[in-house]
Amino acid sequence: EFCIDKLFPPVGQGSRLGLLELRAFEMAPHYRMGLAEMLLVRALVSTFWKQPFTADLIRWGPALHDRFMLPHFVQDDFTAVLGHLRRAGFAFEDAWFAPHRAFRFPRIGLLRVGGMELELRQALEPWNVLAEEATSGGTGRSVDSSLERMQVRLSGFDPGQRYVVSCNGRRVPLHPTAEPGESVAGIRYRARKLSAALHPTIPVHTPLVFDLIDTWGTRSGRCTYHAAPPDGSVYPGRPADAAEAQARRLQRFVIDPHPPASLPLPPPEQNPLYPMTLDLRWPAHDARVAPQATLKP
């Protein structure tokens, strides 16, 4: 996020330099990742200093909370940014930022069925700030961290709509990507119940059961994702390192070795505002006829 209101000082101050603020940066877990981020920021500032951006801005609207929450489209957009910097004379390589992608969008699990791959990967989910609450130490505002989002990617399949992916019995709105035989979608769900949260009456949706359904026959694959330990216990603390964090994710992802022989085909659901996201907070019949919300600037 660029704070452009301080790029240029008021008229008559005698200085042509302004203040550039960069926000929405989190602390990198390794100093080399932080150095790559600083190098990226300096290259962007240098590029736009020599060649200012004069094209029209794009109003993405609801797509910011739909497709750009998914790792696939975030990676595509970031690759385009690196290509712009290379054309400006900065020899950036995509591999330099592979650790950033793995850290921000870790893989949850992978299911292989008949040459196809069903991958679950963590996606972005904005957490809303709630109203102010009086505490013993003063006034504070909590964050509703009960919602999470993941990306579902199906690759290596026949593009003839033969296969359908369902989540908790509802069809996942897969959309094709630029890669042949690949489609992605987002799943938004309530992962945990908090004392302070938006929509407190909506229950927890986990565990998430994913089924790969073959519409030509009765074969299917099934995997389950748990937001907490499957045995109902609670982790004693934060993971000590990346290996322990990965082990916890693998523990919560379970592949069913004996999926059901046949499954009912879930009906398609259409959401005009968020076509790539299956929001489990919405009932199935409401999601098919989602109202046209009024967008405010």
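Residues numbered from 1 in each chain as written. Predicted model: local features only at pLDDT ≥ 70, side-chain atom pairs only at ≥ 80, totals over all residues. Heavy atoms only, no water.

Trainee: I keep staring at the pattern of salt bridges and nothing clicks. Help me out?
Mentor: Two side chains that carry opposite charge are able to pair once their charged atoms sit near each other. Within this structure, the stated rule accounts for 18 salt bridges. Across the pair Arg107 and Glu119 runs a salt bridge, and its minimum N-O distance is 3.0 Å. A residue pair is termed long-range when its members are at least 10 positions apart, and Arg107 in strand E3 (residues 107–113) and Glu119 in strand E4 (residues 116–122) qualify at 12 residues. A salt bridge links Asp211 to Arg222; its shortest N-O distance comes to 2.6 Å. One end of the pair, Asp211, is in strand E12 (residues 208–214); the other, Arg222, is in strand E13 (residues 220–225), and 11 residues separate them in sequence. For Arg222, a relative accessible area of 21% translates into the label partly exposed. (Salt bridge = Lys/Arg side-chain N within 4 Å of Asp/Glu carboxyl O. Helix = DSSP H or I, 4+ residues; strand = E, 2+ residues; numbered from the N terminus. Buried < 20%, exposed > 50% of the residue type's maximum accessible area, 1.4 Å probe, protein only.)

Trainee: Help me understand the environment of Leu85, please; the structure alone is not making it clear to me.
Mentor: As for its placement among the helices and strands, Leu85 is situated in helix H2 (residues 71–87). A relative accessible area of 0% means that Leu85 is categorised as buried. Spatially, the C-alpha atom of Leu85 lies 7.3 Å from that of Leu44, the residues being 41 residues apart in sequence. Residue contacts for Leu85: discarding those within four places in its chain leaves Leu40, Ala43, Leu44, Thr47, Phe90 and Phe92. (Contact = heavy atoms within 4.5 Å.)

Trainee: Help me out: how do you make sense of the side chain of His226 in this one?
Mentor: Tracing the backbone through its elements, the reader meets His226 in the loop between E13 and helix H4 (242–252). In this structure His226 comes out as buried when scored by relative accessible area, which is 18%.

Trainee: I'm lost on the nonpolar core in this one. Help?
Mentor: Generally speaking, nonpolar side chains in soluble globular proteins are found buried as a group. Counting residues in hydrophobic clusters, the biggest one holds 27 residues, and the most contacted among them are Met150, Ile187, Leu208 and Phe210. Among the elements of the structure, E3, E4, strand E7 (147–155), strand E8 (163–167), strand E11 (182–190), E12 and E13 are those that each provide at least two residues to this core. Ignoring any residue separated from it by four or fewer positions in sequence, one finds Phe210 in contact with Leu118, Leu120, Met150, Val152, Ser166, Cys167, Ile187, Gly221, Arg222 and Cys223. With 8 residues, the next largest nonpolar core counts Leu40, Leu82, Leu85 and Phe92 among its residues. (Core = buried A, V, L, I, M, F, W, Y, C linked by side-chain atoms within 4.5 Å.)

Trainee: Teacher, can you tell me more about the confidence of the model for the protein chain here?
Mentor: If pLDDT is low for a region, its predicted coordinates should not be looked at in detail. Residues of the protein chain with pLDDT of at least 70 account for 87%, and the chain-wide mean is 84. The spread of mean pLDDT over the elements of the protein chain runs between strand E1 (residues 2–3), the lowest at 50, and H2, the highest at 94. In this model, residues 286–297 is a region of pLDDT below 50 whose contacts with residues beyond four sequence positions or in other chains number 22 contacts. (pLDDT = per-residue confidence, 0-100.)

Trainee: Teacher, can you tell me more about the packing of aromatic side chains here?
Mentor: Each aromatic ring pair is described using two quantities: the centre-to-centre distance and the angle formed by the ring planes. Inspection of the entire model under this criterion finds 4 aromatic pairs. Aromatic side chains Trp60 and Phe68 sit 4.9 Å apart centroid to centroid with 75 degrees between the ring planes, which places their arrangement in the edge-to-face category. One aromatic cluster in this structure is built from Phe78, Phe92, Trp96 and Phe97. Its guanidinium or amino end placed over the ring of Phe68, Arg67 lies 5.5 Å from that ring's centre, counting from NZ or CZ. Above the plane of the ring of Tyr235 lies Arg248, whose end atom (NZ or CZ) is 4.2 Å from the centre. (Phe/Tyr/Trp six-rings, centres within 6.5 Å; stacked < 30°, edge-to-face > 60°. Lys NZ or Arg CZ within 6 Å of the ring centre and 35° of its normal.)

Trainee: When you look at the environment of His84 in this model, what are you seeing that I'm missing?
Mentor: With respect to the helices and strands, the residue His84 is situated in helix H2. C-alpha of His84 to C-alpha of Thr47: the two residues are 37 residues apart in sequence and 9.1 Å apart in space. The contacts of His84, once residues within four sequence positions are left out, are Thr47 and Phe48.

Trainee: Whenever I open this one, a nonpolar patch on the surface confuses me. Can you help?
Mentor: Residues Tyr31, Leu35 and Met38 make up a contiguous nonpolar surface patch of about 350 Å² in total accessible area. Position of Met38 among the secondary structure elements: in helix H1 (residues 31–50). (Patch = residues over 30% accessible without salt bridge, like charges linked within 9 Å, V, L, I, M, F, W, Y side chains within 5 Å. Areas by Shrake-Rupley, 256 points an atom, 1.4 Å probe, with all protein chains shown as cover.)

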